[in-house]
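Chain and residue survey
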Amino acid sequence: MQQLIQNLKTGKMELLEVPFPALAKGKVLVRTEYSLISAGTEGSKVKTARSSLFAKARQKPEQVKQVLDSVKTEGIQATYQKVMNKLDAPAPLGYSAMGRIIEVGQDVTGLSVGDRVACSGVSAAHAEVIAVEKNLCVKVSENVKSAHAAYTTVASIALQGIRQADLRLGESCVVVGLGLIGQLTVQMLKAAGNVVMGIDIDTAAVELAKKSGADAAFVRNDETLLQGINEISGGYGVDSVIITAGTSSLDPVELAGKLCRRKGKVVIVGAVPTGFSRSNYYQKELELRMSSSYGPGRYDANYEEKGLDYPIGYVRWTENRNMQAYLELVHQDKLDIDLLTTHIFEFENALSAYDLILARTEPVFGVLLKYDTTKKLESSINLTNRSNGSLSTSAQTPHIGFIGAGSFAQKFLLPTAVKYGDLIAVNTASGNSSRNVADKFKFKHAVSSPAEVFANPEINTIFIATRHDSHAEFVLAALENGKNVFVEKPICLTVDALERIKTAYEKSDSHLMIGFNRRFAPMVETLVQKLGRDSKKAINYRINVGHIPADHWTQDPEIGGGRIIGEVCHFIDLCMYLSGSKPVAVSALGMDTALNLNDTLSVNLKFANGSIATISYFANGSKQLEKEYLEVYCDGMTAVIHDFSRLTIYGQKTVTCKAKQDKGHAIEVQQFLNAVQKGIATPIPFDELYLSSLLPFKILESLASGKTIALAD
C-alpha cells in the first residue's frame, strides 16, 4: 500500500510503498476512501519542514532548549546524531479520514468488518490502509456521503470550541478566523440557533462565511467592524468569541476582549498567543477558555489507547461523541459541506494538493484526497537483493527479524546486528516506520504483523524491542516457533509470565537473551579483571535517573510496568555479575511521594557468597549530576566508575582511565549473535536472567510488606 510521508529535514514529500500498519489490540484496520487535508495545520507543518534548519530552530525554541540540554549530558556528536535521525525519519501527514473496516483487533466491540467509519487522530493518516483506535472511530450511516464523513475530525475540533463557549439558543458569537474550522463553526452555530458573525483577513473567507450562513462577516481592516458588531449585539457586545485563527499576532485575543460583553467568554481553538492586555478582560471580567482538539479524551492514553470511555452521566461530550454529533448534523442536512469543499485530488496526485495549499494562488478550504478502493493492495513489501554478503550462509548464520525498531533499537541494536547477522524482516507499529528502518538497515522485507516474523522459515533469530507489555507474548511466540530470542528489558510484567517463559525456554533448544548490557561495558570488564570474580564485594550503585511524568507509558503498570520492573532490573543484573554470586535476600525502602510511583528508593541485596549491594535509584535529583555512579569495594581495593566514561581503581597505586561512554550495547549484541553463529552458550546464563527478572517483583513485595524477602533456593 502507499502512504504520504514527508522528510522533516529536507521537506521532501512522497507516496511511499509501505506495509500495512500493525493491528494492535483495541484497533481496527480501515481501507481508506477519503481523507481530508487540514490546509492550516498540515500546510504549516509542510512549510516548516521545507525551511532551513535555522528557520526550524526559530519556530521551535522549546525543542532547541531540549537539544542544548542534551548536548550538556550526551555531547555534541551524540546529540547531533539523535536530531538527524529524528529529522530523517519519514513523518506521516493527516488526521481526518473515512473508509471501511477490513479487520477488527482484539477487545473491539460495536465495530465490524464492512462498517463505514470516520477516523480521527495521528493514526488516521493519508494512507490507503490505517489502523485506528476504537474510541477514535465512529460508524457512518449509509446516507452520509463518504467525502462529507472525511471532515469528521476537523468538524469535531470546531464543535468542541462551540461546547466550550457554552452558548444558549439565540445568543451571539463572533468567529475570528474563517478557515475551514472557522467555516464549520459558523455553520454549526447557525444550526444551533445562534446569531453568528465572522472576521478574517481574507476577503474570500469572509464571502464564504456569508454563504455559510453568517449574519454578518467582516474583513479585519474594515473600519465599520466594531460598530457593526456592536449594533448587531444590541450595543452590549457579543456573548462569546471563538478564535479559530492561527497566527503569532496578539490581535485576535485583543480584538475578542473588545467585542465581548461583560461576563462574556473567549474560547481559543486556534494556535494564537494569549499575552493580552489586562484592561478589557479585567473590566468586563471576561472568561478565557481553551478548547482541546476534538474534546474530552484527547491526549488521554486511557481513553484513546486503552479504549476506556468516560461515563456519559459525567462527561456528556467526549471526542467520540462529538464525532457522532457532527455526522448526525450531516445526516439531517444541517450543514453544507459541499460548499466548503474547494478541491478533490486523487490520492496519487496528493503532492499537487500540497503545492496548491502552499502557493495560495486561489481560495483553498476543504481539500480532499480520494482513494482507489478497487486497487489490489499488498500488506507487506519485499525489498529484494538485500543481504549481508560478508556473512556465511550456513544454517547457524543469524538470520534476523526485528519486532519493534524505535530510536533505541536504531541507535544501539541494529548497527551491530547488521554487522553480524543477515537482516530478513522488520515489523513496527506503523507502516512508514517499518519501511524507513528496512531501507536504512537493508532488511529484505517490511511486514505488517509480528506473526509474519515468527512464521518466516528463513528467520532463526528474533530481536524484540517493543513496548514492555508485549515482550512476554512475543518471547513465548518466538520460542514456540523455535527462534533464538533477544528481548529488551524487562522480559515480562508479571511473575506468572516469567514462569511461563521459564517453562517454554527449558523445553526449547533456543538461545534467550535479555538486554542487560551493562555487564558487557568495557570499564566493567576492566574492573572485574582487577578485582576478580571470586572475592566478596561491597557494592554501592547510585543511579540518578531523573523525573518521568506519571502519565508516561513507562509508569503505567499495564504497559510499562513502572520503573522498578522496567529499569531497576538492569542494575540488579550488574550487581549480581560483579558479586559473582546469586542473590539470597532483598529489602527495599521507598520515599513517600504524592503519586506513589515507586521511583525513588533504596534496595539492599545479599548474595550467597556474602557479598552485599546497595542500589540507590533516585528520580528526584538534578539533571546536572551524572546518571550512574558505581563503587565496588574488595580486598583492600576500591573501583569507582563514573557514568561509564571514567574508571578509577584505588589500590597500592591509583589508576584512572577515561574513554567515550560505552554501556556495552554493541558488545552485548555481538556476543549474543556469536553464540547463535557458533552454537555456544548464551552470554548470560538463563538462571541469571531469571533472577534479575524475578527480583524487581521481590522489591515490590518488600516495599509493600516492609520486610526483607528471602529467595527460595
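Scroll up a little and you will see the structure.
In this report, we go over the structure that sits alongside the text. (Residues numbered from 1 in each chain as written. Predicted model: local features only at pLDDT ≥ 70, side-chain atom pairs only at ≥ 80, totals over all residues. Heavy atoms only, no water.)

Looking only at helices and strands, the protein chain has 24 helices and 32 strands in total. Against the compact-globule benchmark of 27 Å for 713 residues, the protein chain has a radius of gyration of 29 Å, which places it among compact chains. Structurally, the protein chain occupies a C-alpha span of about 90 × 60 × 50 Å along its principal axes. Per-residue burial for the protein chain yields a buried fraction of 54% across its 713 residues. A separation threshold of at least 6 residues defines the contact pool for the protein chain, and within that pool the share at least 24 residues apart is 68%. Counting only carbon and sulfur atoms, one obtains 51% of the accessible surface of the protein chain, whose full area is about 31600 Å². (Helix = DSSP H or I, 4+ residues; strand = E, 2+ residues; numbered from the N terminus. Rg over C-alpha atoms; globule rule 2.2 N^0.38 Å. Buried < 20%, exposed > 50% of the residue type's maximum accessible area, 1.4 Å probe, protein only. Contact = heavy atoms within 4.5 Å. Areas by Shrake-Rupley, 256 points an atom, 1.4 Å probe, with all protein chains shown as cover.)

What the rule picks out here adds up to 14 aromatic pairs. An aromatic cluster is present here, built from Phe402, Phe443, Phe463, Phe486 and Phe672 joined pairwise through their rings. The ring of tyrosine 299 carries arginine 298 above its face, with NZ or CZ at 4.5 Å from the centroid. Across the ring face of tryptophan 317, the terminal group of arginine 316 is positioned such that the distance to the ring centre comes to 4.0 Å. (Phe/Tyr/Trp six-rings, centres within 6.5 Å; stacked < 30°, edge-to-face > 60°. Lys NZ or Arg CZ within 6 Å of the ring centre and 35° of its normal.)

Here the focus is the pattern of salt bridges. Here the structure, examined in full by the defined rule, presents 32 salt bridges. Between glutamate 628 and arginine 518 there is a salt bridge, with the nearest N and O atoms lying 2.7 Å from each other. On the criterion of sequence distance, the pair formed by glutamate 628 in strand β28 (residues 628–634) and arginine 518 in the loop between β23 (512–514) and α21 (522–531) is long-range, its members being 110 residues apart. Accessibility expressed as a relative area gives 1% for glutamate 628, which makes it buried. For lysine 663, the salt bridge goes to glutamate 628, with nearest N and O atoms at 3.3 Å. (Salt bridge = Lys/Arg side-chain N within 4 Å of Asp/Glu carboxyl O.)

The next point concerns the sheet that holds strand β29 (residues 637–642). If you trace the nine strands from one edge of the open sheet to the other, you get β31-β30-β29-β28-β24-β27-β26-β25-β32, paired in mixed fashion. A single partner strand is all that each edge strand has here, and the edge strands are β31 (654–658) and β32 (709–710). Where strand β25 (residues 583–590) lies against β32, two bridges are found, and the strand directions are antiparallel. Bridge pairing in β32 links valine 586 to isoleucine 709. Across the sheet, helix α22 (residues 562–579) lies against β24 (538–544), β25, β26 (601–607), β27 (612–618) and β28, angled at about 150 degrees from β27, the strand it touches most. Against the sheet, helix α24 (residues 686–705) engages β25, β26 and β32, with an angle of about 45 degrees to β25. (Pairing = 2+ DSSP bridges. Axes fitted to C-alpha atoms, helices over the stretch in contact; angles between N-to-C directions.)

Here we come to helix α9 (residues 225–232). Each α-helix winds once per 3.6 residues, and so residues spaced three or four apart point in a common direction. Among the residues of α9, those classed as buried are Leu225, Gly228 and Ile229. Along the axis of α9, the buried positions cluster into a sector of 95 degrees, meaning they face one direction only. Of the residues in α9, the exposed ones pointing more than 90 degrees away from the buried face are Gln227 and Glu231. Turning to α9, the residues buried within the fold contact β9 (172–176), β10 (195–200), β11 (216–219), β12 (238–243) and α10 (251–259). Within two residues after α9, glycine 234 carries a phi angle of roughly 75 degrees, on the positive side. (Arc of directions from axis to C-beta.)

With that settled, consider the sheet that holds strand β18 (residues 399–403). Overall, mixed pairing links the seven strands, which are arranged β17-β20-β19-β18-β21-β22-β23 in an open sheet. Two strands close off the open sheet at either side, each with one partner strand: β17 (381–382) and β23. Relative to strand β20 (residues 445–446), strand β19 (residues 422–427) runs parallel, the two sharing two bridges. Counted as the bridge partner of alanine 425 is histidine 445 from β20. Contacting β18, β19, β21 (461–464) and β22 (484–487), helix α16 (residues 407–420) runs over the sheet at an angle of about 170 degrees to β18. Taken strand by strand, helix α19 (residues 471–480) contacts β18, β21, β22 and β23, and its axis lies near 165 degrees from that of β22.

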